[in-house]
Amino acid sequence: MKILVIGSGGREHALVWKLGQSPRVSQLYCAPGNAGTQLADRCENIGFRANDILGLLEFAKENRIDLTVVGPEEPLVNGIVDRFQMAGLRIFGPNARAAQVEGSKAFAKKIMEKYGIPTARARKFTAIDAAWAYVEQQGAPIVIKADGLAAGKGVAVCRQLEEARAFLKQVMVSKAFGKAGEMVIVEEMMTGQEASVLALTDGHTVLPLSPAQDHKPIGEGDTGPNTGGMGAYSPTPVMDAAMEQQVLEQILRPMVAGLRAEGMVYKGILYAGLMMDASGPRVVEFNCRLGDPETQCVLPRLKNDLLELMLAVTEETLDTQRLVWDPRFCLNVVMAAQGYPGSYTKGQPITGLEQAGLVFHAGTSLREGQVLCAGGRVLNVVGLGTTLKNAIENTYQDVAKIHFEGAYFRRDIGQRVL
Ligand code: AMP
Ligand code: GLY
């Protein structure tokens, strides 16, 4: 089968790596991909951007692609699945209506409230005066979110009312996120450990992947601004088997059933970002895709053929599948360019990749055989271990082998729970 993977991050390199292990895969394409996907077995990068839905559709038709797998949220929210399906092409991911679970936080809240799914108490506003009045009445701490997609920057956890006022202005007056900020959600702050559960679903059956924990802030000890994610590990002790079951029964299944009751058969990955507090797991947010960097530490532990699972999702036969896991811990450390998540330099050569074990590329490019830095998050170094401590040691041994000018990484990935 010929497979097209859309996206260019560490998540997409991990998808190419995992799908490439399926005996049924003859050829992979990645759009636009990175140096890692270009160097991967039987994989070729193609020049289309992830948001070029019509270009990708033409490519998939002309090259008779058997399955397209969408990495990032934007093309999903913009209806890539609807377009491909109308053209009779097989694609993995939710359609535009269902992808609203991530595309509109107000939509996700409405479904959660209607179907009794535990989450933070929230209200939505389209006028700044009303939003501010509510914020003042609730008091700090308080969380403010732009309704639409904002590349992970649309959320402010405000310890003080002044911060909340400034963020509201930024979103609703300065329109920092454009249309995505025409509506804001004001919600209660939750406290506790966070975990990510990425679940496969065909709209009926839900198969949660093993839970992971991300590390969003740039600095050690969870300090500084949020990033796309600086590292992750799986499984995570913050979620035991009983809690996993609870997440399945009280969050994932009711969400998929609720969407179905509203006329949406959700197919693809439903990602639940969770907060574990005294009352149990509650939803921070839903995403309509795999997490990055969670995918890079979850897929190396999955023993199943990922292609078979994805085909089962598209065929609505996921009830015939059972997941099998490598019991070891897997850790993923992101090596970033100096300055990230602010501005950073590109073009530095990367050395030591051959000496390291499993490395998923993110922002890299290839010039005359040399791998260069080409993004903020550059590499994901991945290690396994029988204990979390062991996985941490193995991963950082490999991190030490890799060099590029200005390389930055957190030294404490996985340490939060130890
Ligand atoms: P998001 O960009 O939606 O993933 O949110 C970014 C981060 O903001 C989450 O990972 C949480 O750490 C934090 N966050 C979002 N909503 C809440 C909330 N209601 N209470 C506490 N933290 C939150
Ligand atoms: N790791 C967070 C995300 O993918 O949204």
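Structure report, in brief. Per chain, the residues get numbers from 1 upward, laid out in the order the sequence is written. To label them, take the chains in the order written and letter them from A, then take the ligands in the order written and number them from 1. Given that the model is predicted, a residue must reach a pLDDT of at least 70 before its local features are reported, and side-chain atom pairs must reach 80 or more before they are shown or counted; all residues, however, enter totals for whole chains, interfaces and linings. Only hydrogens and water are removed before side-chain values are computed, so all heavy atoms of the structure are retained for them.

What follows covers the packing of aromatic side chains. We call Phe, Tyr and Trp rings a pair once their centres come within 6.5 Å, taking the six-membered ring for Trp, and we label the pair stacked below 30 degrees between planes, edge-to-face above 60, and tilted otherwise. In total, this model carries six aromatic pairs according to the counting rule given. Pairing Trp 17 with Phe 360 gives two aromatic rings, centres 5.3 Å apart and planes at 70°, and the pair type is edge-to-face. In this pair, Trp 17 is assigned in helix H1 (residues 10-19) and Phe 360 in strand S19 (residues 359-361), connecting sequence segments 343 residues apart. When its relative accessible area of 27% is taken as the criterion, Trp 17 is described as partly exposed. Its guanidinium or amino end placed over the ring of Tyr 271, Arg 289 lies 5.7 Å from that ring's centre, counting from NZ or CZ. Going along the chain from the N terminus, every DSSP run of H or I of four or more residues is numbered as a helix, and every run of E of two or more is numbered as a strand. Any residue under 20% of the maximum accessible area for its type is buried, any over 50% is exposed, and the rest in between are partly exposed; the area is computed with a 1.4 Å probe on protein chains only. Only when the NZ atom of a Lys or the CZ atom of an Arg is both within 6 Å of the ring centre and within 35 degrees of the ring normal do we say a charge sits over the ring.

With that settled, the discussion passes to the pattern of salt bridges. Salt bridges are counted wherever a side-chain nitrogen of Lys or Arg sits within 4 Å of a carboxyl oxygen of Asp or Glu. Using the criterion set out here, one finds 23 salt bridges in the structure. Put simply, Glu 12 and Arg 11 hold a salt bridge, and the shortest N to O gap is 2.8 Å. Pair check on accessibility: Glu 12 and Arg 11 agree, each one buried. Salt-bridge contacts for Glu 58 lead to Lys 61; the nearest nitrogen and oxygen are separated by 3.5 Å. In this pair, Glu 58 and Lys 61 both sit in helix H3 (residues 53-62), three residues apart, roughly one turn of the helix. With relative accessibility at 42%, the residue Lys 61 sits in the partly exposed group.

Okay, helix H10 (residues 241-261) next. What sets the pattern is the α-helix's 3.6 residues per turn: residues three or four places apart point alike. In this model H10 runs 28 Å from its N-terminal to its C-terminal C-alpha over 21 residues, within 8% of the 30 Å that 1.5 Å per residue would give. Bending is quantified residue by residue as the angle between axes fitted to the seven-residue window ending at that residue and the seven-residue window starting at it. Along H10, the largest kink reaches about 35° and is centred on Leu 248. Residues of H10 that are buried in the fold lie against helix H6 (100-103), helix H7 (105-114), strand S10 (193-201), strand S11 (206-208), strand S16 (268-277) and strand S17 (280-287). Within two residues after H10, Gly 263 carries a phi angle of roughly 95°, on the positive side. To estimate the expected span of a helix, subtract one from its residue number and multiply by 1.5 Å. A contact between two residues is defined here by any heavy atoms of the two lying within 4.5 Å.

Locating Asn 63 in the fold gives a position in the loop between H3 and strand S4 (67-70). As for Asn 63 and Leu 4, which are separated by 59 residues in sequence, their C-alpha atoms are 9.9 Å apart. Dropping the residues within four chain positions of it, Asn 63 is found in contact with Lys 2 and Tyr 29.

Looking now at unusual backbone geometry. In this chain, Asp 292 is followed by Pro 293 through a cis amide linkage whose omega measures 20°. Summarising the element assignment, Pro 293 is placed in the loop between S17 and helix H11 (294-298). For the bond running from Tyr 340 to Pro 341, omega is 10°, close enough to zero to count as cis. Examined against the element boundaries, Pro 341 turns out to sit in the loop between strand S18 (329-337) and S19. Unlike most non-glycine residues, Arg 64 shows phi in positive territory, near 50°. When you line up the elements, Arg 64 lands in the loop between H3 and S4.

Okay, the site of ligand 1 next. The environment of ligand 1 is made up of 16 residues, and the closest members are Glu 187, Met 190, Glu 194, Lys 216 and Glu 285. Here a polar contact is recorded for every N or O atom pair within 3.5 Å, except that within protein the pair must consist of a potential hydrogen donor and a potential acceptor, and residues adjacent in sequence are included only if both atoms are side-chain atoms. Glu 188 is positioned with one of its backbone polar atoms (N or O) 3.0 Å from a nitrogen atom of ligand 1. All accessible-area figures derive from a Shrake-Rupley calculation using a 1.4 Å probe, and residue coverage is judged against the displayed protein chains alone. Across the complex, the protein chains shield 90% of the 480 Å² of accessible surface that ligand 1 would expose by itself. Counting residues per element, the ones that place at least two in the shell around ligand 1 are strand S7 (142-146), strand S8 (155-158), strand S9 (184-188) and S17. Of the residues in the shell around ligand 1, the class split is eight nonpolar, one polar and seven charged. Any residue with a non-hydrogen atom lying within 4 Å of a molecule or strand is treated as near it. Each residue gets one of three labels, nonpolar for Ala, Val, Leu, Ile, Met, Phe, Trp, Tyr, Cys and Pro, charged for Asp, Glu, Lys and Arg, and polar for the others, Gly among them.

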